[in-house]
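Fold and contact review
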Amino acid sequence: MSDSSPLKVYYDAACPICRRERRRYERLARHSESVEWLDANTHEAVLSEHGVTVQEALLSLHVEDAGGKLYRGMDAYILLMQRIPRLRPLAVLIGLPVIKPVLTWWYDRWVRRRLARQGRL
């Protein structure tokens, strides 16, 4: 896939931190129009076509590429970061075999705690 091929990002639009991160991405991205941001809370039918529940989508970022392949978690973040020249080194770093599992563990724990505090888990 090219850097300009469209992506669909399923994220938790009810999360203030997630919305802030979306805005940050859009500021950094040159071709933000190639990214469609979809609230996972309101796209149950589309997610279910991929075998993903809304709850699963809230627990981890999901990104669909132009070919319909769905990426989850750190792989989804890596795909997004690779589109922004300034973030490409970070994409490589978080994809390293030692870092990726640790970061995944931390991120999954953080999201579960956030959703539990909000009464959404």
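Position labels on residues start from 1 in each chain and follow its written sequence. A pLDDT threshold of at least 70 governs which residues receive local features in this predicted model, and a stricter bar of 80 or more applies before side-chain atom pairs are shown or counted, although totals over entire chains, interfaces and linings include all residues. Computation of side-chain values: all heavy atoms of the structure, hydrogens and water removed.

Considerations on the pattern of salt bridges
The working definition used for a salt bridge is a side-chain nitrogen of Lys or Arg within 4 Å of a carboxyl oxygen of Asp or Glu. Following the criterion strictly, the structure yields five salt bridges and no others. Between Arg-114 and Asp-12 there is a salt bridge whose closest N-O contact spans 3.1 Å. Here Arg-114 is found in helix α6 (residues 99–117), whereas its partner Asp-12 is found in the loop between β1 (7–11) and α1 (16–28), with 102 residues between them in sequence. Relative accessibility under 20% of the residue-type maximum defines a buried residue, over 50% an exposed one, and the middle range a partly exposed one, all with a 1.4 Å probe and only protein chains included. Take Arg-114: its relative accessible area is 4%, and that puts it in the buried class. You can call Asp-12 buried: its relative accessible area is 4%. A salt bridge links Glu-26 to Arg-22; its shortest N-O distance comes to 3.1 Å. By the criteria applied, helices consist of DSSP H or I runs no shorter than four residues and strands consist of E runs no shorter than two, each listed in order from the N terminus.

So far we have only geometry, and geometry alone does not tell us how the molecule works.
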